[in-house]
Amino acid sequence: MNKAKLKGLVISQSSVFFASSLIFPFYILFIKNVGSSFAQFGLSYGLFGLSSALLHPVIGKLSSRIDHRLFLLVNAWGMATVLLFFPHVSSIGQVYVIQLFLGMFGALQKHGEKIMIAELTDGSERGVKIGNYHFWTSIFSAFAIIAGGYLADYLTINIIFYMSSVLYFVSGLVVLNIRNHSEKIRGTEIFVEK
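This one's a predicted model, so the numbers in the text were calculated from it and none came from an experiment.

Enquirer: For this particular structure, what's the right way to read the packing of aromatic side chains?
Expert: Each aromatic ring pair is specified by the distance between its two centres and by the angle formed by the two planes. One pass over the structure, following the stated rule, counts six aromatic pairs. Pairing Phe86 with Phe161 gives two aromatic rings, centres 5.0 Å apart and planes at 5°, and the pair type is stacked. Highlighted residues: Phe86 in the loop between α3 (69-85) and α4 (92-120) and Phe161 in helix α6 (residues 157-176), separated in sequence by 75 residues. Their ring planes at 25° and their centres at 6.2 Å tell us that Phe101 and Phe105 sit as a pair that is stacked. Taken together, the positions of Phe101 and Phe105, both in helix α4 and four residues apart, correspond to about one turn of that helix. Relative accessible area serves as the criterion here: at 39%, Phe101 is assigned to the partly exposed category.

Enquirer: Honestly, a nonpolar patch on the surface in this entry has me stumped. Any pointers?
Expert: Where nonpolar side chains cluster on the molecular surface, the patch consists of Phe143, Ile146, Tyr150, Tyr154, Leu155, Ile159 and Met163 and spans about 760 Å² of accessible area. Those elements giving two or more residues to the nonpolar patch turn out to be α5 (126-154) and α6. With four residues, α5 is the largest single contributor of residues to the nonpolar patch. With respect to the helices and strands, the residue Tyr154 is situated in helix α5. The exposure class assigned to Tyr154 is exposed, which follows from its relative accessible area of 68%.

What counts, and at which threshold
- Residues numbered from 1 in each chain as written.
- Predicted model: local features only at pLDDT ≥ 70, side-chain atom pairs only at ≥ 80, totals over all residues.
- Heavy atoms only, no water.
- Phe/Tyr/Trp six-rings, centres within 6.5 Å; stacked < 30°, edge-to-face > 60°.
- Helix = DSSP H or I, 4+ residues; strand = E, 2+ residues; numbered from the N terminus.
- Buried < 20%, exposed > 50% of the residue type's maximum accessible area, 1.4 Å probe, protein only.
- Patch = residues over 30% accessible without salt bridge, like charges linked within 9 Å, V, L, I, M, F, W, Y side chains within 5 Å.
- Areas by Shrake-Rupley, 256 points an atom, 1.4 Å probe, with all protein chains shown as cover.
- Salt bridge = Lys/Arg side-chain N within 4 Å of Asp/Glu carboxyl O.

Structure representation (structure tokens):
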């Protein structure tokens, strides 16, 4: 059973890493072009890190009461939504707001991913399974960075943001299909363990 769940996690997170790596180099240029100074660029990245850091303790407290897939699902669909706004950003204030959301969604992804890897691997095979997990997610990231350059040459950067949004959304669908410990799949039972 854990093998199928781990495969679902690999697929969903490979999609996430592909989507994020597809936009990341262009996302940095995009932020730099909207801002007018290195200070604004630094502040935007600082807000990303700060919002992520401040959310981690909250996530940690909720972790024992919430199905960990919820963290990945909120990240996937939240990122899918935020990426739709990126091509329309026109001021540094809008970049700051988006950075706050990106930091929060990133914290949810990190926590959910790590908890689920720990839950789905055990025994002497744990190291091998975690190694395989990181192999596949890293391969998808590498290919995305390469593909992103070609896509930016032949399409617009806006299209890359939209493509990444779709990949995040698909990742959320895959997360929904990973069954929790008690195999509940109706209504809100999929997310809250009693």
